[in-house]
Amino acid sequence: MKHLICFLILFLVSGVGSFDLVIDEIPDEVENLIDLEIDGFPSSSKTRNGRYQRSTSDWGYVGDLVEDDDKIGLYSYKVQSTITSRLANTMIQAKMVNNAKRSQHIVFDVQVPKGAFIDNFTMDINGITFTSRIREKSEARKMYSQAKAKGKAAGIVRSNALDMENFKTEVNVPPGMKIQFELHYHEMIRRKLSSYEHVISVRPGRLAKHMEVDVRIIEPQGLRYVHVPNSLGDHFDGITTISKGEKKAHVSFKPTMAQQRKCPTCSSTAVDGNFVVQYDVNRETTGGELEIFNGYFIHFFAPENLDPLPKNILFVIDVSGSMWGLKMKQTIEAMKAILSELRAADQFSLIDFNHNVRCWRDNLVSATPAQVEDAKKYIQTIHPNGGTNINEALLRATFILNEAQNLGMLDPNSVSMIVLVSDGDPTVGELKLTTIQKNVKQSIKDEFSLFCLGIGFDVDYDFLQRIATDNRGMAQRIFGNQETSAQMKNFYNQVSTPLLKKIQFNYPQESVSDVTQSSFHNYFGGSEIVVAGKVDKENLQHLESIVTATAANAELVMETLRDVEELDGFMKKDRYADPEFTKKLWAYLTVNQMLAERNTAPTAALKRNITKSILQMSLDHHIVTPFTAMLIENPEKDEIMLADQPKDPRRGCCPGTLGLTPNAPNNNKGIPAWANDTIVPASLPEQRSPPTSSLSINRVDNDPHFIIHLPKSQRNICFNINSEPGKILNLVSDPGTGVVVNGQLIGAKKTENKKLNTYFGKIGFYFKNKGLKVEITTETITLKDGSYGITLTWSDTGHIIRKQLLISVMKESNVTITVGEEMSFMILLHRVWKNHPVNVDFLGIYIPPENQFSPAAHGLIGQFTSEPEVYIHHQRPGQAPEKPQATMEVKGNKLTVTRGLQKDYRTDRVLGTDVQCWFVHNSGKGFIDGHYKDYLVPHLYSFLKKP
C-alpha cells in the first residue's frame, strides 16, 4: 500500500505573504526508504551552485530523547547567527525523529524577522535532500505545471489569510523516520534608540537533546558594548555567556535538557520566546564610517552630540468603536506620557476621529505646561464609538501643517510630522486605500513626514506601511495587549528627537556607481543612516564622502576619507566574517529601495521597469521577493514543489513554534486573540492539548457539535445534540452575572439518511444587569435596550456600543460581543449555496472558558465553568482503526467514548479544521448534567430553571 506524505509549507518574507504548499504523494526515493533501518546525519556541505545540502547520516546515537505522548523526539534545535558589519546571516536547524508506530505530523514553524530575506531552505527525509532555488514567478509556475502533468509529486499552492511573518513546514512522517529542516535568512540590523538589536525567535515547542543559540558579532568599527537582556525569562538566568573583544564578540546560549524543563518533573520546554542581543559600535568621526570591501562600500552615518531640532507634531488618534476597551485605555495612557515629553520649543495639536473628525486646537500651539495639561484633560474625555474616516482625518492634519507653514508660523529649522494611531480599515468616507494614499501624498507634498502606529491584529498594516513610506516616515505594528502603552512610547521615542534635516551624501562620481538612496529628509537621534554602492577598486586608493545637512543652529559639512585596503586584512583573517557582507548589504538596501519606489511610481511603464530590476536583483542574489517563487526539489530535480505568494498579504509579526501544535496565532481579520485556531493534525495518537489560549475555547458549530475544552486536564470532550427545529437550547445561564446565551435550532431543507440535521439559526444574548438583549440571525444583528433598538446586517462592517457593551460586525464573517474585560463571545456565519437542495445558512458560537462567569453558571456550556474531574483509561480498538474507544469516568458515571474528529470553523469557514476529541454518545448523556431536554427553554432570553 502506498504511503502518503503530506507537506504544508508557509512562507512569509519581506514584502511576501504566507504560502500553503501541499504535496500530493511521497516521492518514490523516500517511499523506498521507509522500512529501512535509520542511521544518522552527516555535516553540512554546499552544492556546486552554492546551495546548502544536508544528509541524514551523521546523527549517530539518537537515544535518550525526551518524547511527548506523541513519541516524537527533537534530537537537536540549533540557531547560528553571524553579524558582519550589521548584516546578520541566520540559520535555524531542527532534527527530529518519529518513534511512534504510526505516521504523525511534524511541524517546523519559525519566525522570520520583518524585512529579512529568505535565501535557502533544505529538508532532509531519511537521506533524501530537498534543496531550494529561486526562479521568476511565471517560470516557476510553468515548471510546476510541467511536473504536475507528468504525474510527479508537485505542490499545489493556495494563498491564505495569515497575518504573520513566518516560515512553516508540516510533514506527515512515517514511523521510524528521521527528518531535518534547515532555514537560512539574512537581514540588516537597524539601530534604534542608540542600540542595534538582533532578535531571534526560539520556540522549539518541545525539549531538545541538544539546544544551542550561537551568535557571533564582527564589527570593524569596534564594539562599545554587548548586552543580552533576559528576554526568555528568569528561568534561564546565568546560562548565556558573552565573550567580548575589541571588534568581535561571541554569545552562546546552551541550556541542558534539565535547564530547558519548565519544572524539574515537567516534560514541556520553557524555551519559548525571543533571544535578543543588543550592542553598539564605537564612533570617532562625525561624518560616519566608510567600509570598503570586495568592490562595494557601506557608509554608516550616526552623528551624536547635536542639539535637537524643534518639531511640529500632530497626533491623529482613531477613536472609532473598535478602539473601545483596553486599546483605548492604553492609548490614552501612552498619549499622556508622550505629551509630557514634548520640549518647550515644540508645537503640537491633537486630532481624534471616528466617522467625524475633531480637533483639540485648529492650529498648532506651543508645548507650554498649561497647553500640555489641557491636552491631557481632553484625551481623558475621549469615548470611542462609530466608524473610521482615515482619509478626512489625515487631510485635516496636513491642512493644519500646510497652513502654519504658509503663514510663516514654523521655525525654518524645525521638523514637521504627523503620527497616526489606528486599529482598522476605513469604514466611512473614502474607502479606497489607493485613493487615500494618493490624497495624502498630494497634500503632504514631501514637506513633512507621516508615521503610523497600527494597533491590534485586524489593522491593515500593509496599507499603513505603504502610506508611511510614501511620505518619508515609517510604520510599526503594535499588538493590543497590556503592553500597548509601552510599545507606543517606545515608537515615539524613536522619532521624538530630530537632529538633522535635508541630509545629502556626496561621493566622487568617477569612483562609485549604483549608489542607494543618498538624500534623506530627517535624521533622528539614536538611529543610523546607511548608504551603499559599488566602487572602482582598480583605479581607487581612497574614497571620500562629504555629507551636508541642516542642524539646529547651522548648516553642517562633514567629511570622511577611507583607505580602500583598510578592511581586507581584518576580514580575511576572521573565519566567521561573511566575505560578501558589503555585496549583500548593498543588495538588501537596493531591493528595499526599489520596492518602495515601485509603490509610488506615477506611471505603469515606470512600475514595470522597476519590477524588472527587482526581479533581476532577486535572481542574481538568490532571495525571495514578491516577484519570485521558491522551488524545492530532490537531487534528480524531477520532484518539484512550488512555494508561491498570496495575492493580498497582510503583514505583521507573530511567533512560530516547532512541534505538533503550532502556537502562532492565525489572526484572521475580526477574530479576537482568544479565537485564534491551533491545528491539531488528524493523524496523531491520543494526546492532551497544549495549554495555549488558542485551544482554550468552547465551541458549538455545525449540526450542532459541542466541543468542551477542559483546561486542567487539557482535553477536548465532544458531543452532539439531536433535537427538533424551533427548539431553543440554553448554552449559558448565569444568575450571578445576569447573563443568558440561548440558541434556536433550524432544520435542513430535507432529510438525509432518514435524519433531519439541525443547526443554530438564531442566537440570543440577555445581559440582565444592563437591560440589553442581542439577537443574531443569519440575516441581521440587533441590539435592544427597552424601546431603543439598532440593527445591522451581515453586509455591514461596523460597531455598536451601549452601556459598555461592544458589538463588532465583520462583513459576512463574524460578530464579536465584548462586555468590558470580563467576557467575550464570537458568532460565526456560515453561508451555503443559495439554491442548495439540502443545507441552510447557520451560526456557530465560540466562548472562551476565561469568561468571568459566576459559580452559579449552568447550561450546556456554562456548567463547565467549574471543570469536572475526568479520567480516561482502558484505550482499545474501536470499530474503525482510526477511532479507538476508551472508558471515561466523570461525575460518577463510566462512559464508553470514542476518539474522533470534530470541526473548528474559525480559520476556514468552508472546510473547517479538524479538532481531536473524545466523543460522548447519546447527546452527551453522563457528561452533561441530566438529559439534554432539561436545557430546553421557552424563549430566546429565558434563564434556565435548574431542577
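Fair warning: this is a prediction, and the values are worked out from it, not measured in the lab.

### Digging into the overall build of the protein
- For the protein, the helix and strand inventory stands at 13 helices and 55 strands.
- Every one of the 947 residues in the protein was classed for burial, and the buried ones make up 59%.
- Taking all contacts inside the protein whose residues are at least 6 apart in sequence as the whole, residues at least 24 apart take part in 67%.
- Carbon and sulfur atoms make up 48% of the accessible area of the protein, which amounts to about 38000 Å² in all.

### Re the state of the cysteines
- Enumeration over the complete set of coordinates arrives at 2 disulfides.
- Two residues, Cys263 and Cys266, share a disulfide whose sulfurs are 1.8 Å apart. Where Cys263 bonds to Cys266 through sulfur, the torsion about that S-S bond is close to 95°, and the disulfide is right-handed.
- Classification of Cys263 as partly exposed rests on a relative accessible area of 25%.
- Each disulfide pairs two cysteine sulfurs, and for Cys718 the partner residue is Cys917, the sulfurs being separated by 2.0 Å. Between Cys718 and Cys917, the disulfide has an S-S torsion of -130° and is therefore left-handed. One end of the pair, Cys718, is in strand 40 (residues 715–720); the other, Cys917, is in strand 55 (residues 913–920), and 199 residues separate them in sequence. In this pair, the class of Cys718 matches that of Cys917, namely buried.
- Along the protein, the cysteines engaged in disulfide bonds are linked according to the scheme 1-2, 3-4 when indexed in sequence order.

### Focus on the environment of Gly892
- One can find Gly892 in the loop between strand 53 (883–890) and strand 54 (893–904).
- Taking the relative accessible area as the measure of exposure, Gly892 reaches 83% and is therefore exposed.
- In this structure the C-alpha to C-alpha distance between Gly892 and Val870, which are 22 residues apart in sequence, comes to 9.8 Å.

### With respect to the nonpolar core
- Counting 59 residues, the largest nonpolar core has Phe765, Ile817 and Phe927 as its most contacted members.
- Apart from residues lying up to four places away in sequence, Phe927 is in contact with Ile708, Ile717, Phe719, Gln863, Phe864, Met888, Val890, Lys891, Leu895 and Val920.
- The next biggest cluster of nonpolar side chains, apart from the first, holds 56 residues, and it includes Ile106, Ile128, Met177 and Ile239.

### A look at the pattern of salt bridges
- Tallying each qualifying case throughout the model produces 29 salt bridges.
- The salt bridge involving Asp374 is made with Arg361; its shortest N-O contact spans 2.8 Å. Taken together, the residues Asp374 in helix 5 (residues 369–380) and Arg361 in the loop between strand 24 (357–359) and strand 25 (365–366) connect sequence positions 13 residues apart.
- On the basis of relative accessible area, Asp374 is assigned to the partly exposed category, the value being 31%.
- With relative accessibility at 26%, the residue Arg361 sits in the partly exposed group.
- A salt bridge links Lys803 to Asp785, with the shortest nitrogen-to-oxygen separation between them at 3.2 Å. Of this pair, Lys803 sits in the loop between strand 47 (798–802) and strand 48 (805–810) while Asp785 sits in strand 45 (residues 780–785), and the two are 18 residues apart along the sequence.
- Its relative accessible area of 13% is what places Asp785 among the buried residues.
- One connected set of salt bridges, linked through shared partners, spans Arg86, Arg191, Glu219, Arg224, Asp280, Arg283, Glu304 and Glu528.

### Looking at the sheet that holds strand 19 (residues 273–281)
- Pairing is antiparallel in the open sheet, where 4 strands are placed in the order 13-14-19-16. In this open sheet, the two strands that pair with only one neighbour each are strand 13 (191–192) and strand 16 (223–227).
- Sheet topology places strand 14 (residues 195–202) next to strand 19; 7 bridges connect them, and they run antiparallel. Paired with Ser201 across the strands is Asn274, a residue of strand 19.

### Observations concerning unusual backbone geometry
- One non-glycine residue, Ser194, lies in the positive phi region at around 65°.
- Looking at the secondary structure, you find Ser194 in the loop between strand 13 and strand 14.
- One non-glycine residue, Asn294, lies in positive phi territory at about 50°.
- Inspection of the secondary structure assignment puts Asn294 in the loop between strand 20 (289–293) and strand 21 (296–301).
- Classification of Asn294 as partly exposed rests on a relative accessible area of 40%.

### Considering the sheet that holds strand 30 (residues 512–513)
- On the basis of which strands lie adjacent, the open sheet formed by 4 strands has the order 20-21-32-30 and antiparallel pairing. Looking at which strands have only one partner, the edges of the open sheet turn out to be strand 20 and strand 30.
- Pairing analysis gives 2 bridges linking strand 30 to strand 32 (residues 529–535), with the strands arranged antiparallel. Opposite Val512, over in strand 32, you have Val535 as the bridge partner.
- Contacts from helix 11 (residues 581–599) reach strand 20, strand 21 and strand 32, with the element oriented near 70° to strand 21.

### Comments concerning the pairing of strand 50 (residues 823–830)
- Counting buried residues along strand 50, 8 of its 8 residues qualify, which places the element largely inside the surrounding structure.
- On strand 50, burial covers both faces: Met823, Phe825, Ile827 and Leu829 on one face and Ser824, Met826, Leu828 and His830 on the other are all buried.
- As judged from the 6 bridges shared by strand 49 (residues 814–819) and strand 50, these two strands associate in the antiparallel manner. Bridged to Thr816 within strand 50 is Met826.
- In this structure, the hairpin formed by strand 49 and strand 50 is closed by a connection of 3 residues, where Gly820 is found at a positive phi of approximately 55°.
- As paired elements, strand 50 and strand 51 (residues 842–847) share 5 bridges and run antiparallel to each other. Bridge pairing in strand 51 links Met826 to Tyr846.

### Some thoughts on the confidence of the model for the protein
- The predicted model of the protein has a mean per-residue pLDDT of 81, with 83% of residues at 70 or higher.
- The least confident element of the protein is strand 37 (residues 658–659), whose mean pLDDT is 30; the most confident is strand 18 (residues 248–253), at 97.
- In this model residues 1–55 is a low-confidence stretch, pLDDT under 50, and it forms 194 contacts with partners more than four residues away in sequence or in other chains.

### Observations regarding the side chain of Asp470
- Within the secondary structure, Asp470 sits in the loop between helix 8 (461–469) and strand 28 (475–478).
- Exposure remark for Asp470: the relative accessible area of 8% places this residue in the buried category.
- Here Asp470 is in contact with Gln437, Lys441 and Thr600, once residues within four sequence places are set aside.

Reading guide: rules and limits
- Residues numbered from 1 in each chain as written.
- Predicted model: local features only at pLDDT ≥ 70, side-chain atom pairs only at ≥ 80, totals over all residues.
- Heavy atoms only, no water.
- Helix = DSSP H or I, 4+ residues; strand = E, 2+ residues; numbered from the N terminus.
- Buried < 20%, exposed > 50% of the residue type's maximum accessible area, 1.4 Å probe, protein only.
- Contact = heavy atoms within 4.5 Å.
- Areas by Shrake-Rupley, 256 points an atom, 1.4 Å probe, with all protein chains shown as cover.
- Disulfide = S-S within 2.5 Å.
- Core = buried A, V, L, I, M, F, W, Y, C linked by side-chain atoms within 4.5 Å.
- Salt bridge = Lys/Arg side-chain N within 4 Å of Asp/Glu carboxyl O.
- Pairing = 2+ DSSP bridges.
- Axes fitted to C-alpha atoms, helices over the stretch in contact; angles between N-to-C directions.
- pLDDT = per-residue confidence, 0-100.

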